[in-house]
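Summary of structural features
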Amino acid sequence: MNKIEIRRENGGLGRVPTSKDGVVGLLMYVPSASKAAIVGAEGSMWSGGDIAKMGSAADVEKSGLKGLTDWHAQVLEMHLEALYEQNADAQVYVGVYSDGAHESYGEVEAMQRYAGGELRVLGVWEGGEVPTATRVKSLQAVAKKLEGEQMPLSVVWSCGGDVDALKAANLREPGLRNVSVAVGHDGDDGLWDAAANTDGKSTGMVGMLLGMLSKAPVNESVSWVERYPSGVKNPCVGAGTPLREMSSADVLTLDTNGYIFLTTYPGMEGSYVSDTQTLDEATSDYAHIEDERTMDKAVRGVYVSLVKALGGKVYADEDGSLREDSRAMIEEKASAILEQMERDGELSGHSVEVRGDQVLRDGKVKVVIKNRPTGVVRELEVSIGYAASL
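In this text, all values refer to a predicted model and were calculated from it rather than measured experimentally.

1. Focus: the nonpolar core
The biggest cluster of nonpolar side chains holds 43 residues, and the ones touching the most others in it are Trp46, Met54, Leu76, Leu80, Leu209, Val222 and Val273. Elements supplying a minimum of two residues to this core: β1 (23-30), α1 (32-39), β2 (51-54), α3 (71-86), β3 (91-98), β4 (121-126) and α7 (206-215). Looking at which element gives the most residues to this core, the answer is α3, with 8 residues. Every residue in contact with valine 222, bar those within four places of it in the chain, is listed here: Leu209, Met212, Leu213, Ala216, Tyr228, Val273 and Thr276. In terms of nonpolar packing, the next biggest core, distinct from the first, is built from 39 residues, Tyr93, Val136, Val163 and Leu171 among them.

2. What to know about helix α5 (residues 133-148)
Each full turn of the α-helix corresponds to 3.6 residues, which orients residues three or four apart in the same direction. For α5, with 16 residues, the first-to-last C-alpha span of 22 Å sits near the 22 Å given by 1.5 Å per residue. If you follow the buried residues of α5, they end up packed against α4 (106-114), β4, β5 (154-159) and β6 (179-182). Looking one or two residues past α5, glutamine 150 carries a phi angle of roughly 65°, positive in sign.

3. Focus on the sheet that holds strand β9 (residues 241-242)
Backbone hydrogen bonds hold the strands of a sheet together, and the pairing may be parallel or antiparallel. Ordered by their spatial adjacency, 3 strands build an open sheet running β7-β8-β9, and the pairing between neighbours is antiparallel. Each edge of the sheet is formed by a strand with only one pairing partner; in this case those strands are β7 (184-186) and β9. Sheet topology places strand β8 (residues 235-237) next to β9; 2 bridges connect them, and they run antiparallel. Each residue of the ladder has a partner; that of cysteine 236, found in β9, is proline 242.

4. Let's talk about empty space enclosed by the protein
Summed over the entire model, instances satisfying the criterion amount to 1 cavity of 30 Å³ or more. In this structure, the largest cavity occupies an estimated 50 Å³ of space. Lining of the largest cavity is provided by Arg120, Pro152, Leu153, Val218, Arg293, Asp296, Lys297 and Arg300. Classifying every residue of the lining of the largest cavity by side-chain character gives 3 nonpolar, no polar and 5 charged.

5. Topic: the pattern of salt bridges
With the rule as written, the count across this model stands at 23 salt bridges. Between aspartate 21 and lysine 297 there is a salt bridge, and its shortest N-O distance comes to 2.8 Å. Taken together, the residues span a long stretch of sequence, with aspartate 21 in the segment before β1 and lysine 297 in helix α9 (residues 289-307) at a distance of 276 residues. Overall, aspartate 21 belongs to the buried group, its relative accessible area being 10%. Taking the relative accessible area as the measure of exposure, lysine 297 reaches 13% and is therefore buried. Within this structure, Glu61, Lys66, Glu77 and Glu81 form a network of salt bridges that share partners.

6. Some remarks on the sheet that holds β5
On the basis of which strands lie adjacent, the open sheet formed by 7 strands has the order β2-β3-β1-β4-β5-β6-β10 and mixed pairing. Edge positions in the open sheet fall to β2 and β10 (259-260), since each of these has one partner strand only. Relative to β1, α3 is tilted by about 165°, and along the sheet it contacts β1, β2, β3 and β4. Against the sheet, α4 contacts β1, β2, β3 and β4, and its axis sits at roughly 145° relative to β3.

Criteria and cut-off values
- Residues numbered from 1 in each chain as written.
- Predicted model: local features only at pLDDT ≥ 70, side-chain atom pairs only at ≥ 80, totals over all residues.
- Heavy atoms only, no water.
- Core = buried A, V, L, I, M, F, W, Y, C linked by side-chain atoms within 4.5 Å.
- Buried < 20%, exposed > 50% of the residue type's maximum accessible area, 1.4 Å probe, protein only.
- Helix = DSSP H or I, 4+ residues; strand = E, 2+ residues; numbered from the N terminus.
- Contact = heavy atoms within 4.5 Å.
- Expected span 1.5 Å × (residues − 1).
- Pairing = 2+ DSSP bridges.
- 1 Å grid on protein atoms, 1.4 Å probe; cavity = no way out; pocket = protein on both sides within 12 Å on 5 of 7 lines; lining within 4 Å.
- Points joined across faces, edges and corners; volume = space filled by probe spheres on them.
- Nonpolar A, V, L, I, M, F, W, Y, C, P; charged D, E, K, R; others polar.
- Salt bridge = Lys/Arg side-chain N within 4 Å of Asp/Glu carboxyl O.
- Axes fitted to C-alpha atoms, helices over the stretch in contact; angles between N-to-C directions.

Following this line, the structure appears as structure tokens:
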């Protein structure tokens, strides 16, 4: 009898293992008494240290936070619950530090090193701080140092301040591509207006953002209305100003200044992330968190692939330049992660060029990589009207 036999073959696509794009961290600066209450609670996961790792919402239940009356402990619990509400599979490192002098933000570096360099996004909560250029530059300096050691990450700083102070503080500056500032919070969270919040601190939205970012593909904006509703019905800004009481001009100023907050759309229930700006200049290739996260993933992957070639042998043509088969070998290594990112829809395209004109003399091989990113719809311009004929 006639038949067709089809065998499935493994073509060696070079798929990379499951990524760690969703590994995030939450750093809380709290009064010393609050830290003692959190890390010293019965059943605490901190065991007297500064950092703990959580892998599910069940870990929040086991963290020792439940039942604590300390206001800062309740804020931490709220953020962890919001994080796992957005992404039940999130892996999060939680650091609790005293809010003494820390202008250099060495705790950011400490958390990344504790996590073995796995943190992709770190949320930093300081609900009583007003945004300043000194603070964001310090955070960027730490991020730049870690990037130089192949441990890049994006930092989302959650702070406070009244609307007038936020309007006056435009902290955008070229090069601040690893830092974003979130100034929104849930007006109905029951904590920001609690009597225990004697300093009028903002409870923030950093837990929610971390949950969204840990779930989203690296190239995806969590301001995508259809995909990332916040679940917050009463969005507030800074130290507690309801969004509904703000003028459209004030809201636009906060957006122009590069802040992230929760916004609403007519005809839509609930609220949504306003945008995903970094504090880099608006025309930068890294003006948004997804731009930075996508490049961070590409850089991490290319590094891991190419570091294996160090110390290896290559072949040269008569003029001392790199032979074509050696060029192809290095190009293949560099392209592996980028091809996977394309298949996953995280890049629109890429190119790799390998140069080694005098490899026999100096042992140097130059690799030039160009990535074409995916886009994000930030404005829709619609024309609509009546017509006698269509």
